[in-house]
Amino acid sequence: MARVRSKRNDDDDDEFGGIFGGFGRPEDIDDEVPGPAPAPAFHVPPARPPAPSLATAAAPPAASLAAAAAAAAAAPLTIGAFDAAQLADQTRFPWAWAPHGKTRESYAPVITGKWWSRTDQELAGMSADKRRDWGHIGRIMETELGERMDGDERCAACRERDQECWVYSKKGAQQVSRPGSTCARCRVVSRAGGCSLSTRRPTRRRTPPAPGPQSLAAYKPSGGPPPGAGGSAIAA
Ligand SMILES: [Zn+2]
Ligand SMILES: [Zn+2]
């Protein structure tokens, strides 16, 4: 099935901006949104408590909340808990489907205790590109926009590690500016060979030409020695 590169599919090209550098790439060629792009406001999901402006007896200070969250994130797990953290088996958040256009808002993961979970502090410490990658990871793993690939549909890296492999669904990708086709796991760090589901670039190394058998036919001797060269035909 040939993949037709249309203007819409140009959005696939934003993968790994943080890893491979985004300098000079054609940014924000998006036909749906006229005019200047709005500044990417980092959307803070409602589940995260706002920092109290006044110290009140009812709410613990934000600092201790963050510290507790960081401690929870860093705490070692039993193997059972570790295995559970690898599965996106939680209830998925509904997506507010836009009838047209793609969102440019960032997304912050809300679910805690999963492999993609990060604290506010950790997210704040990321580069802008990495932060954007994590927004995609969060949306794929937590909202209706994500779709699980099963069995051999999974990317090669997830198959090899026997991990769940989640990507934007076809419909879901249409809701997001520059969604990319890389699976969520492969967006965390580039894994060997890149994500086999990515349509961005060839991931296979160029195989060197196979060393064929050196043919000796090219050096075919041209006949035998010239007749009479040895002068051995003289009979006594
Ligand atoms: Zn994968
Ligand atoms: Zn992958």
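Residues numbered from 1 in each chain as written. Chains lettered and ligands numbered in written order. Predicted model: local features only at pLDDT ≥ 70, side-chain atom pairs only at ≥ 80, totals over all residues.

### Some thoughts on the overall build of the chain
For step 1, the next point in the chain: Check the secondary structure of the chain and you find 8 helices and 2 strands.
For step 2, the next point in the chain: Element order for the chain, N to C, with α for helix and β for strand: α-α-α-α-α-β-α-β-α-α.
For step 3, the next point in the chain: Looking at the chain as a whole, 20% of its 236 residues qualify as buried.
For step 4, the next point in the chain: If you take every contact in the chain between residues at least 6 apart in sequence, the share linking residues at least 24 apart comes to 69%. (Helix = DSSP H or I, 4+ residues; strand = E, 2+ residues; numbered from the N terminus. Buried ≥ 20, exposed ≤ 12 C-beta atoms within 10 Å, placed from the backbone. Contact = placed C-beta atoms within 7 Å.)

### A few points about the nonpolar core
For step 1, the next point in the chain: Formed by 19 residues in total, the largest nonpolar core has its most connected members in Ile-140, Cys-155, Trp-166 and Cys-183.
For step 2, the next point in the chain: Setting aside residues up to four positions removed in sequence, Cys-155 forms contacts with Cys-165, Cys-183, Cys-186, Cys-195, Ser-196 and Leu-197. (Core = buried A, V, L, I, M, F, W, Y, C linked by C-beta atoms within 7 Å.)

### Some details on the confidence of the model for the chain
For step 1, the next point in the chain: Predicted confidence across the chain gives a mean pLDDT of 72, with 53% of residues reaching 70 or more.
For step 2, the next point in the chain: Across residues 1-46, confidence stays below pLDDT 50; counting only partners more than four residues off in sequence or on other chains, it has 48 contacts.
For step 3, the next point in the chain: Low pLDDT (under 50) marks residues 215-221, which in the prediction has 0 contacts with non-local residues, meaning those over four places away or in another chain. (pLDDT = per-residue confidence, 0-100.)

### Overview of the environment of Leu-197
For step 1, the next point in the chain: By the secondary structure assignment, Leu-197 is in the segment after helix H8 (184-188).
For step 2, the next point in the chain: Expressed as a C-alpha distance, the spacing of Leu-197 and Arg-154, which sit 43 residues apart in the sequence, is 7.8 Å.

### Quick word on the environment of Leu-145
For step 1, the next point in the chain: For Leu-145, the location among the structural elements is in the loop between helix H5 (128-142) and strand E1 (146-149).
For step 2, the next point in the chain: You can call Leu-145 buried: it has 26 C-beta atoms within 10 Å.
For step 3, the next point in the chain: Not counting residues within four places of it along the chain, the set of residues in contact with Leu-145 comprises Trp-95, Arg-139, Ile-140, Tyr-168, Ser-169, Gly-172, Gln-175 and Val-176.

### What about the environment of Cys-195?
For step 1, the next point in the chain: Along the chain, Cys-195 turns up in the segment after H8.
For step 2, the next point in the chain: On a C-alpha basis, the gap between Cys-195 and Ala-184 in space is 9.5 Å, while along the polypeptide they are 11 residues apart.
For step 3, the next point in the chain: Those residues in contact with Cys-195 that lie beyond four places of it in its chain are Cys-155, Ala-157, Thr-182, Cys-183 and Cys-186.

### Quick look at unusual backbone geometry
For step 1, the next point in the chain: Of note, the phi angle at Asp-162 is positive, near 50°, even though the residue is not glycine.
For step 2, the next point in the chain: Secondary-structure assignment places Asp-162 in the loop between helix H6 (156-161) and strand E2 (165-168).

### What about H5?
For step 1, the next point in the chain: With 15 residues, H5 should reach 21 Å at 1.5 Å per residue; the first-to-last C-alpha distance of 21 Å fits that figure.
For step 2, the next point in the chain: For H5, the tally of buried residues reaches 11 of 15 residues, placing the bulk of the element in the interior.
For step 3, the next point in the chain: Taken together, the buried positions of H5 are Arg-132, Asp-133, Trp-134, Gly-135, His-136, Ile-137, Gly-138, Arg-139, Ile-140, Met-141 and Glu-142. (Expected span 1.5 Å × (residues − 1).)

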